[in-house]
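# A look at the structure
Here is what each chain is made of, one letter per residue.
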Amino acid sequence: MTTTVAGLDSVTNDQVTAARATWAAFRRNPLGMVSVGILVVLVVVAICAPLIAEYPSGYGDAVLQGPSGAHWFGTDSLGRDIFAEVVWGARLSIVIAALSSALAIAIGVVVAVLGAYFPKADAVIGTIVDLCLSLPVLPLMILVAALAGPSLITLVLVIAFFSWPEVTRVVRSQALSVVRLPYMDAAKLTGGSSFWIIRKHLLPAVAPVIVVSVVLTASRAVLSAAGLAFLGLGDPNSWSWGRILYDAQQSGAMQSAWWTTLFPSLAMLLLVVSATLISIAYNDARNPRARED
Amino acid sequence: MTQVVRFTARRIGRALLTVWFAVTVTFLLLRLLPGDPALAVASPNMTPAARLELLSQYGLDDPLFVQYGKYLWQLLHGNLGISFARQVPVTEVLMERLPWTLLLTFSSLLLTVAVGIPLGVLAATRPRGFLDRFTQVGGVIGQSLFVPSVGIFLLFFLGLQLHLLPIGGSYSPGVYGAAWYLDVAKHLVLPCVSLMLVQLGSYVLTLRSTLIDALGEDYCVLARAKGMPNRKVVWKHALRNALLPTTTLIGLQLGYLVGGAVLTETVFAYPGIGRGIYEAVTQLDFPVLQGAFVLLALTVVIANMLTDLAYGVLDPRVRTA
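Residues numbered from 1 in each chain as written. Chains lettered and ligands numbered in written order. Predicted model: local features only at pLDDT ≥ 70, side-chain atom pairs only at ≥ 80, totals over all residues. Heavy atoms only, no water.

Naming follows an unreviewed UniProt entry, where chain B appears as Peptide ABC transporter permease of Asanoa iriomotensis.

With an unreviewed UniProt entry as reference, chain A is termed Peptide ABC transporter permease, source organism Asanoa iriomotensis. Comment text from UniProt for chain A, heading Sequence similarities (unreviewed entry), reads "Belongs to the binding-protein-dependent transport system permease family." On record in UniProt, under Subcellular location (unreviewed entry), the comment for chain A is "Cell membrane". (UniProt positions renumbered as here; feature names shortened; annotations may be inferred.)

Once that is clear, we can look at the overall build of chain A. The secondary structure content of chain A amounts to 11 helices and zero strands. Secondary structure elements in chain A, listed N-terminal to C-terminal, are α-α-α-α-α-α-α-α-α-α-α. If you line up chain A on its principal axes, its C-alpha atoms span 75 × 45 × 30 Å. Sorting the 293 residues of chain A into buried and exposed places 51% on the buried side. Excluding contacts between residues fewer than 6 apart, the proportion of contacts in chain A whose partners are at least 24 apart in sequence is 70%. (Helix = DSSP H or I, 4+ residues; strand = E, 2+ residues; numbered from the N terminus. Buried < 20%, exposed > 50% of the residue type's maximum accessible area, 1.4 Å probe, protein only. Contact = heavy atoms within 4.5 Å.)

Attention now goes to the UniProt feature "transmembrane region" (unreviewed entry) in chain A. Residue and element names in this part refer to chain A. The positions UniProt marks with the feature "transmembrane region" (unreviewed entry) are residues 31-53, 92-118, 138-164, 202-231 and 262-282. The span residues 31-53 shows a helical share of 91% and a strand share of 0%, and its end C-alpha atoms are spaced 29 Å apart. With 96% helix and 0% strand, residues 92-118 has end C-alpha atoms that lie 39 Å from one another.

Attention now goes to the interface of chain B and chain A. Between chain B and chain A, the contact holds 42 residues from the first and 40 residues from the second. Taken together, both faces of the contact between chain B and chain A bury some 3,800 Å²; the carbon and sulfur share is 83%. At the boundary of chain B with chain A, the tally comes to zero salt bridges. The interface formed by chain B and chain A contains three residue pairs in polar contact (both at pLDDT 80 or more). At the level of secondary structure, the elements contributing two or more residues to the side of chain B that touches chain A comprise α1 (2-32), α7 (130-143), α8 (147-161), α11 (230-268), α12 (273-283) and α13 (286-314) of chain B. For the side of chain B that touches chain A, the residue count by class is 33 nonpolar, nine polar and no charged. (Buried area = accessible area lost by both parts, 1.4 Å probe. Salt bridge = Lys/Arg side-chain N within 4 Å of Asp/Glu carboxyl O. Polar contact = N/O pair within 3.5 Å; in protein donor to acceptor, adjacent residues only side chain to side chain. Nonpolar A, V, L, I, M, F, W, Y, C, P; charged D, E, K, R; others polar.)

Here the structure, examined in full by the defined rule, presents 14 aromatic pairs over all chains. On the basis of an interplanar angle of 85° and a centroid distance of 5.5 Å, the ring pair of A:Trp258 and A:Trp259 is categorised as edge-to-face. Ring centres 5.0 Å apart and planes at 55° place the aromatic pair B:Phe27 and B:Tyr68 in the tilted group. Here B:Phe27 is found in helix α1, whereas its partner B:Tyr68 is found in helix α4 (residues 64-76), with 41 residues between them in sequence. (Phe/Tyr/Trp six-rings, centres within 6.5 Å; stacked < 30°, edge-to-face > 60°.)

Residue and element names in this part refer to chain B. Taking the numbering used here, the UniProt-annotated feature "transmembrane region" (unreviewed entry) corresponds to residues 100-124, 145-164, 184-205 and 293-314. In the segment residues 145-164, helix accounts for 75% and strand for 0%; the C-alpha atoms at its two ends are 23 Å apart. In this annotation, residues 184-205 is assigned 100% helix and 0% strand; the end-to-end C-alpha distance for the span is 32 Å.

Bringing helix α11 (residues 259-286) of chain A into the picture now. Over its 28 residues, α11(A) extends 40 Å from the first C-alpha to the last, a length consistent with the 40 Å expected when each residue adds 1.5 Å. In terms of burial, α11(A) is a largely internal element, 20 of the 28 residues being buried. (Expected span 1.5 Å × (residues − 1).)

To continue, consider the pattern of salt bridges. Applying the stated rule across the entire model yields 10 salt bridges over all chains. The partner of A:Arg172 in a salt bridge is A:Asp122, with the nearest N and O atoms 2.7 Å apart. In this pair, A:Arg172 sits in helix α7 (residues 152-179) while A:Asp122 sits in helix α5 (residues 119-133), placing the two residues 50 residues apart along the sequence. According to the relative accessible area criterion, A:Asp122 is buried, its value standing at 12%. Residues B:Asp132 and B:Arg208 are paired through a salt bridge, measuring 2.5 Å at the closest nitrogen-oxygen approach. Of this pair, B:Asp132 sits in helix α7 while B:Arg208 sits in helix α9 (residues 178-215), placing them 76 residues apart in sequence. Using a relative accessible area of 2% as the deciding quantity, one classes B:Asp132 as buried. Several salt bridges converge on common partners, so that one network encompasses A:Arg80, A:Glu85, A:Arg243 and A:Asp247.

The next subject is the environment of B:Gly138. Tracing the chain through its elements places B:Gly138 in helix α7. As for B:Gly138 and B:Leu197, which are separated by 59 residues in sequence, their C-alpha atoms are 9.8 Å apart.

Time to look at α8(B). Taking 1.5 Å as the rise per residue, α8(B) with 15 residues should run 21 Å; its terminal C-alpha atoms sit 20 Å apart, in good agreement. Of all the bends in α8(B), the largest measures some 25° and sits at B:Leu155. Along α8(B), 12 of the 15 residues are buried, which leaves the element largely enclosed by surrounding structure. Within the sequence span of α8(B), burial applies to B:Val147, B:Pro148, B:Ser149, B:Val150, B:Gly151, B:Ile152, B:Phe153, B:Leu154, B:Leu155, B:Phe156, B:Gly159 and B:Leu160. For α8(B), the elements touching its buried residues are α9 (194-230), α10 (241-250) and α11 of chain A together with α9 and α11 of chain B. With its phi angle positive at about 55°, B:His163 sits one or two positions after the end of α8(B). (Bend = angle between axes of the 7 residues up to and from the residue.)

And the structure:
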């Protein structure tokens, strides 16, 4: 039994070389590497926010000043430095994206894998996922966020709770094609427990899809969080990119001062585009036919 | 014929199931969220008598199961409750807004398809050409755009700087007759284009890749071999098959489109349901919020059902499956 298991485990060891080949192909893609660089810079900015800029609070003397040496991104209607707001906003936006996508991925993958592996559960899971996907998500998030009151935890839970069906949809379709493959039957014949088969054989097979889901769910979470904040449902006590836009709209600053909305929008676009490009580059690198070697 | 009837019946059945699901989710959310539903429903400013009346109207003293039954019964009669802010039935508040949202979402969908199909065809027929590269880059960026950002910039440049188009609302007061329609169309341009820009990317990218695949299929090779002009091969043979995944995409994107409409209407002060949601949030008008969600879910479900039926027309195999 031990030898069989060890033999089967060597299948998963092949994944290491596959991963290395993927990484080698990924490194050759300039767009993918630039995107990784941008993402790293944004994360570093988020972590080091206190070192880069002072927390924007209170009132300043220079109200609605355009970008200058003193205020790189200009100032808002209360004279606060927009560069500092964007830097501190990166922190909250990335934290929300990371936490909510982690939660959504955890729920989504477990549901997808269980559904694909146990056909009886799949009929129910498939229907529920289809039903969830046909609901308009943002209005639902608005309803819950308004009822539960704005806070970081509410935002993370709301976004995660309405994002997992999309993860399940993607992972489940991949898992369904994997469980039909002969090696899954072979794994069952060795007498391994369902848990072992799922962990050792099913999960590694769907891992690439999960990687792509993580990136896409996180970037969609950034947009959802910004959408809620733009409607005034964000955490009112901390800065986020959506809140900068909300403030600009509420004060009417957006009608005269383009810098109040341009810079947070650019930050958001940069984050989401680089995440999307990373997932595209990763997909290309993983596909041997798209690789040039 | 019976197959078509059965296909249609099954789709309608699924639509009804989805509506029931949306309604049940709303009910459970209202009851299970932290805090007493009585507190969420009754505003603290009400007199005790009014509060009691409202609570009994919502049947909040009944067991959960009975409340659920009553809630469904009320919904079936089109009763969504009374707006806190305006003291009129929620249906009245929402019905005056629904046409604007339908106008906005439907026109932006039409515009997206009208721009997206030619763009996707052009990109797919000259792969790796300049236009193809441009569409791919534009598609990725378009998919990553934040709807309010797009709206704000269109509003700033076209509305405020160049004074080409009105910056908000859905029509100007005091305009009647044919001029009114022109005025409405003018007010529609900016919100509609904003929504189109954020949707266009995924349609063009999907159509491009499916069309490239379709053009490599044997039936297209044969069509070319027998001397059919290339334009005809693309538009008559390949496109019909390539449009199937695009039709599926419309269904998948509908929920997203409605979310985008909520944000767009907020930017442009467009008097649709989305703007209504925004106002309901600021006024904590929960019956309106809840009703708006049910109505939007209903819209999405009906539109989804129509896309499914259109899919059946495009692809005969679906009807028998």
